[in-house]
Amino acid sequence: MNDLLFTAPEAELPFTRSVVVRAEGSRHLVRLTNGDDVAEIECTTAEIDRVVDEALEALIAPSQVCRACGALSTSPDFTTVFERMHYVCFHFEFEHGDVDRDQACGLAGCPAG
């Protein structure tokens, strides 16, 4: 049996919001605590990644952590439009190509422009 405890980046003891993942063989339990509200989801090994990702996203909502730079963001479009990245991080990761980051790549809205 193993437990993993996840908390929001700014959280201090005692934690009022957390995700606990317990793995016991092929049985997995994910517990999301938000104040007095507790949600438990039992899942299989095949489902654990998706369930934990959803629980962690709920834990840090409305703040989200950028997948590229690791910084927090509160933009409402953050999770859907740019695949959990800031626009600038998304642009340089997927759209800017091999062009130097200090030079405009030619796409409209290029942050280097």
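First, a word on scope: everything that follows refers to the structure included in this document. Treat the numbers as computed from the prediction; the structure is a model and nothing was measured. (Residues numbered from 1 in each chain as written. Predicted model: local features only at pLDDT ≥ 70, side-chain atom pairs only at ≥ 80, totals over all residues. Heavy atoms only, no water.)

## Overview of the pattern of salt bridges
Phase 1 of the analysis: Considering all chains together, one arrives at 5 salt bridges under this definition.
Phase 2 of the analysis: Its salt-bridge partner being Arg31, residue Glu40 comes within 2.4 Å of it at the nearest N-O pair.
Phase 3 of the analysis: Residue Arg31 is classed as partly exposed on the basis of its relative accessible area of 34%.
Phase 4 of the analysis: One connected set of salt bridges, linked through shared partners, spans Glu24, Arg27 and Glu42. (Salt bridge = Lys/Arg side-chain N within 4 Å of Asp/Glu carboxyl O. Buried < 20%, exposed > 50% of the residue type's maximum accessible area, 1.4 Å probe, protein only.)

## Focus: the nonpolar core
Phase 1 of the analysis: Residues Val19, Val21, Val30, Cys43, Ile48, Val51, Val52, Ala55, Leu59 and Ile60 constitute the largest nonpolar core, which totals 10 residues.
Phase 2 of the analysis: Where this core is concerned, the elements lending two or more residues are strand E2 (17–24) and helix H1 (48–60).
Phase 3 of the analysis: With 6 residues, H1 is the largest single contributor of residues to this core.
Phase 4 of the analysis: Once residues within four sequence positions are removed from consideration, Val51 is found in contact with Val30, Ile41 and Cys43. (Core = buried A, V, L, I, M, F, W, Y, C linked by side-chain atoms within 4.5 Å. Helix = DSSP H or I, 4+ residues; strand = E, 2+ residues; numbered from the N terminus. Contact = heavy atoms within 4.5 Å.)

## Details of unusual backbone geometry
Phase 1 of the analysis: Cis geometry marks the peptide bond from Leu13 to Pro14; its omega dihedral reads -10°.
Phase 2 of the analysis: Along the chain, Pro14 falls in the loop between strand E1 (2–7) and E2.

## So, the side chain of His96
Phase 1 of the analysis: You can see His96 is positioned in the segment after helix H2 (87–95).
Phase 2 of the analysis: Given a relative accessible area of 3%, His96 falls into the buried group.
Phase 3 of the analysis: For His96, the side chain forms a polar contact with the main-chain oxygen of Val99, separated by 3.4 Å. (Polar contact = N/O pair within 3.5 Å; in protein donor to acceptor, adjacent residues only side chain to side chain.)

## Focus on the layout of surface pockets
Phase 1 of the analysis: Roughly 180 Å³ of internal volume is contained in the largest pocket.
Phase 2 of the analysis: Along the wall of the largest pocket there are 11 residues; nearest its centre are Asp53, Leu56, Glu57, Ile60 and Val65.
Phase 3 of the analysis: Contributions of two or more residues to the lining of the largest pocket are made by E1, H1 and strand E5 (64–65).
Phase 4 of the analysis: A per-element tally of the lining of the largest pocket places H1 first, with 5 residues.
Phase 5 of the analysis: For the lining of the largest pocket, the residue count by class is 5 nonpolar, 2 polar and 4 charged. (1 Å grid on protein atoms, 1.4 Å probe; cavity = no way out; pocket = protein on both sides within 12 Å on 5 of 7 lines; lining within 4 Å. Points joined across faces, edges and corners; volume = space filled by probe spheres on them. Nonpolar A, V, L, I, M, F, W, Y, C, P; charged D, E, K, R; others polar.)

Geometry only, nothing functional implied.
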